[in-house]
Amino acid sequence: MTWYQTDGKKNDMIISTRVRLARNISGFPFSAKLSREEGEKIIDLVWEALAPVQKDFTLYRIQKLSPVRQQALIEKHLISPDLTDARAPRAAIIHKDETISIMVNEEDHIRIQCLAPGLAPDAAWDMANKIDDLIGETISYAFHEKFGFLTSCPTNTGTGLRVSAMIHLPAISVSGGISGLLAQAAKSGMAVRGLYGEGSDAQGNFYQISNQTTLGLSEEEIIERFGRVLASIMEVEASLRKKIADAVPDRLTDRIMRAYGAMRYAHMISGKELINYISDVRLGIYLGIIEPIPFEKLTALMVTTMPANISGGGSMSAEERDIKRASIVKKIFK
């Protein structure tokens, strides 16, 4: 079972938790300066370091994947859009259950990323730490006694740890409080980004919240601070949801029911429409307007029906995808 098909803690609000570790190998220039030979050598070194667990992973050489397959991995949050830049040999090493992905030669030589459903920073950190230790047994990381792990971007130097959560904040959005949230998160050392992370737009009231500071704090301190800020945001969202539930505005009820109706009966649904519909339906379930549907089923739709994944690696027109997407969604709601 993948992370997006599994029930998780606090999944009425938290879609997933991700922990990412940035590492570089001593003796090599940063990724932006790698030669083709050096890039290939790093891919081989990382893959060899995973020898004890290779049977559970698949190595994907990015340049050998079609643009559709590359996009499918982005939609699953397994790689970043930056990894598809073909300046140097790049690879993704992905666990069979898609909870662990290792990006090789992206901004840093190694980026270990672990995904868990719902609110689970400790579980995601435990997975990432074990993979980090395994690779570190045979690879010498670029490390400075004062500054910690050395990274291409100074903001990642130190622990190299980024912990983030994909969170659904419809009540804060409806109340017009997102701009205030952005300001407060920044003061607390957190960044708020769109559905696909840095550089992406917010869709359907789904946001990624992550720490910005990696230097001067231990991994445990970063996770603890992240947990406190996230709990504060969740408390505000929960409070606003309760206020809305006491007297649901007619316009909001209408919007929720229109989304529900479209997901049950529409012949065509675009990917962008679906994300917005899922957001409204999730809120409707929470408010008791719509009969419950497992949240993990809605999360799976956010991944499996996006353009590249729904086409299955083949070629489909936008219209064909929209028809197929609507058909899949209707089966869930029936």
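Further up the page is the structure itself.
Cut-off values and rules
Residues numbered from 1 in each chain as written. Predicted model: local features only at pLDDT ≥ 70, side-chain atom pairs only at ≥ 80, totals over all residues. Heavy atoms only, no water. Phe/Tyr/Trp six-rings, centres within 6.5 Å; stacked < 30°, edge-to-face > 60°. Buried < 20%, exposed > 50% of the residue type's maximum accessible area, 1.4 Å probe, protein only. Lys NZ or Arg CZ within 6 Å of the ring centre and 35° of its normal. Helix = DSSP H or I, 4+ residues; strand = E, 2+ residues; numbered from the N terminus. Polar contact = N/O pair within 3.5 Å; in protein donor to acceptor, adjacent residues only side chain to side chain. Contact = heavy atoms within 4.5 Å.

Per the stated rule, a full pass over the model turns up 4 aromatic pairs. Here the aromatic rings of Phe-143 and Phe-149 are separated by 5.0 Å at their centres, their planes lie at 75°, and the arrangement is edge-to-face. For Phe-149, a relative accessible area of 16% translates into the label buried. Members of the aromatic cluster, each reached through a chain of ring pairs, are Tyr-141, Phe-143 and Phe-149. The aromatic ring of Phe-149 is capped on one face by Arg-23, whose charged end is 3.6 Å from the ring centroid.

Relative to the helices and strands, Arg-111 is located in strand S5 (residues 110-117). There is a polar contact of 3.1 Å between the side chain of Arg-111 and the side chain of Glu-107. The residues touching Arg-111, leaving out its near neighbours within four places in the chain, are Arg-20, Leu-21, Ala-22, Ser-101, Ile-102, Met-103, Glu-106 and Asn-156.

Right, let's get into unusual backbone geometry. At His-77, a residue that is not glycine, the phi angle is positive and equals roughly 65°. Tracing the chain through its elements places His-77 in the loop between helix H2 (67-75) and strand S3 (91-95). By relative accessible area, which is 12% here, His-77 ends up buried. Phi at Glu-98 takes a positive value of approximately 60°, unusual for a residue other than glycine. As for its position among the elements, Glu-98 is in the loop between S3 and strand S4 (100-104). On the basis of relative accessibility, which here comes to 13%, the residue Glu-98 falls in the buried class.

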